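Chains, contacts and geometry: an overview
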Amino acid sequence: MSRDDTDAIHGHEYFDPLGANIPPIYLNSMFEQRVEAKKSDRGVDLKYSREENPTVRALERVISKLHISEDSLCFSSGMAAISTLYMWGLKSGDEVLTTIEAYGSTIKLAEELGKLGIRVKKAYPSAEAISSAIGPNTRLILFEAMTNPTLKVIDVRAVVEAGRAKGALVVVDNTFLSPVLYKPIKDGADLVVESTTKYISGHNDQVGGLLAGPSRSILELWEWRRLLGNIMSPFNAYMTYRGLKTIGIRMKRHEENALKVAKYLKERREVVEVLYPGLPDDEHHELASKQFSGYGGVVSFKIKGGRAEVEAFLKALKMIMPSPSLGGTESIITYPVVSASSSINENDRKAVGITENLLRLSVGLEDPDDIIADIERGFKALKS
Ligand code: PLP
């Protein structure tokens, strides 16, 4: 049990005039404004739902508590949060430093900013490589605390120290962990970004994103969200909050299942490598154990062979859906080279180990024996 379990349920601090027990869905597009608009609790106008909305605000209060941040914002997707971050934090002549392994669109969008005079630099995903890549024009450093899809763990405190020394903002993408397993602000990160599509909403039925951090930055980002028009919708906020209430117990079960699956995969002759920081012999186990309070529910693994074997394996699955995304109740398997990592160039993929035989499994909340039975179906389809 932890305080997070209570905050996830009661942290909305919404008090309904009619006594409704949970924050309702405010689907209205506007609020009455005679002369002065009403203010929301963070002091901004509450007049138009593209800017501020009580259902979205209730979710943001829960997220702020879970991330021990002064404030937070919810967006229509994780990429909406990331694009708003770039618009806010970068100007012509600045450099954004990210990693050669990250969610493909995070890297691609940074590269697209070249047309606005913003340079992108990409480092190997390790604290040492990121820190030594920081240059005089590096304004923003964005990296994943646990990388997608090979699950490398990056020492956040070390990057924060290096970033601070050079005056760069350090932003951590915490999507693979959720605030239940890691709160980057504790380690000095300036901001946290997450795709709420994943563990935060947790049921594979929502798309959304968040940014959390100090009030001053969040208020400036709020203005950008207002201008860009990419706030999370009230309905999505309601559904996301509904999912978020159970995040504590979900994360525990995801992890229990993931560990069972990882151990099973380790024993299979069809598997050449298992990547899961929860395994004691994993390269990142020590840092993950120190930095996080759990290892999450994603297990990546490499099977013997290449694309043809992956295709046969995926075709044979009955329960686990081959699809992008992760972090929900249903187990999902992703083939990174054709999906989340498809926009990463071949050299970079090779350098971080995103190979043709790599699969990323988001272990869901089903009975782990059923998950393993389905994986076994996949193995049976491979020629021995
Ligand atoms: N960050 C990470 C680590 C992701 O895995 C993803 C999506 O898979 C995103 C950001 C983007 O989030 P969304 O798909 O909600 O836009």
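Model, not experiment: these values are computed from the prediction.

**Structural notes on the overall build of the chain**
When its secondary structure is counted, the chain shows 14 helices and 14 strands. Residues classed as buried in the chain amount to 59% of the 384 residues present. Mean positive and mean negative side-chain charge positions of the chain (49 and 51 charges, respectively) differ by 2 Å.

**Examining the site of the ligand**
As a structural note, the neighbourhood of the ligand is formed by 14 residues, with Met-79, Asp-173, Ser-195, Thr-197 and Lys-198 the closest of them. Asp-173 has a polar side-chain atom sitting 2.7 Å from a nitrogen atom of the ligand. Between the ligand and the protein, one listed contact pairs an oxygen atom with a side-chain N or O atom of Lys-198 at 2.8 Å. A total of three residues in the shell around the ligand trace back to one element, the largest contributor, which is helix α3 (residues 78-89).

**Observations concerning the sheet that holds strand β12 (residues 321-322)**
Two strands in a sheet stick together by hydrogen bonds in their backbones, pointing the same way (parallel) or opposite ways (antiparallel). With respect to topology, five strands assemble into an open sheet ordered β10-β11-β14-β13-β12, the strand pairing being mixed. The sheet is open, and its two borders are formed by β10 (271-275) and β12, each paired with just one other strand. Sheet topology places β12 next to strand β13 (residues 332-334); two bridges connect them, and they run parallel. Its bridge partner being in β13, Pro-322 is matched across the sheet by Ile-333. Each of β11 (298-303), β12, β13 and β14 (358-362) is contacted by helix α12 (residues 307-316), which is oriented at about 130° to β11, the strand it contacts most.

**Overview of the pattern of salt bridges**
Tallied over the full model, the rule gives 35 salt bridges. Close ionic contact of Lys-108 with Glu-112 constitutes a salt bridge, the shortest N to O distance being 3.0 Å. In this pair, Lys-108 and Glu-112 are both assigned in helix α4 (residues 104-112), four residues apart and thus about one turn of the helix distant. Accessibility expressed as a relative area gives 41% for Glu-112, which makes it partly exposed. A salt bridge links Glu-270 to Arg-269, with the shortest nitrogen-to-oxygen separation between them at 3.8 Å.

**Topic: a nonpolar patch on the surface**
On the surface, Ile-25, Leu-27 and Phe-235 cluster together into a nonpolar patch covering about 290 Å² of accessible area. Along the chain, Ile-25 falls in the loop between α1 (3-10) and β1 (38-39). Assessed through its relative accessible area of 31%, Ile-25 is described here as partly exposed.

**Observations regarding the environment of Asp-367**
With respect to the element layout, Asp-367 can be found in the loop between β14 and α14 (368-380). Only 2.8 Å separates the side chain of Asp-367 from the backbone nitrogen of Asp-369, close enough to count as a polar contact.

**Things to note about the nonpolar core**
Ranked by internal contacts, the top residues of the largest apolar core, which has 85 residues, are Leu-265, Phe-313 and Ile-375. In terms of residue count, helix α10 (residues 247-267) provides more of this core than any other element does, seven residues in total. Leu-73, Ala-110, Val-171 and Leu-221 belong to the second-largest nonpolar core, a separate cluster that totals 24 residues.

**Some thoughts on the pairing of strand β4 (residues 95-99)**
Counting buried residues in β4 gives five out of five residues, a clear majority hidden from the surface. Direction of pairing for β4 relative to strand β5 (residues 119-123): parallel, over a ladder of five bridges. Pairing of Thr-98 across the sheet is with Lys-122, part of β5. In the sheet, β4 pairs with strand β6 (residues 138-144) via three bridges, with the strands oriented parallel. Paired with Val-96 across the bridge in β6 is Leu-140.

Definitions and cut-offs
Residues numbered from 1 in each chain as written. Predicted model: local features only at pLDDT ≥ 70, side-chain atom pairs only at ≥ 80, totals over all residues. Heavy atoms only, no water. Helix = DSSP H or I, 4+ residues; strand = E, 2+ residues; numbered from the N terminus. Buried < 20%, exposed > 50% of the residue type's maximum accessible area, 1.4 Å probe, protein only. Lys, Arg positive; Asp, Glu negative; His and termini not counted. Charge placed at Lys NZ, Arg CZ, Asp CG, Glu CD. Near = heavy atom within 4 Å. Polar contact = N/O pair within 3.5 Å; in protein donor to acceptor, adjacent residues only side chain to side chain. Pairing = 2+ DSSP bridges. Contact = heavy atoms within 4.5 Å. Axes fitted to C-alpha atoms, helices over the stretch in contact; angles between N-to-C directions. Salt bridge = Lys/Arg side-chain N within 4 Å of Asp/Glu carboxyl O. Patch = residues over 30% accessible without salt bridge, like charges linked within 9 Å, V, L, I, M, F, W, Y side chains within 5 Å. Areas by Shrake-Rupley, 256 points an atom, 1.4 Å probe, with all protein chains shown as cover. Core = buried A, V, L, I, M, F, W, Y, C linked by side-chain atoms within 4.5 Å.

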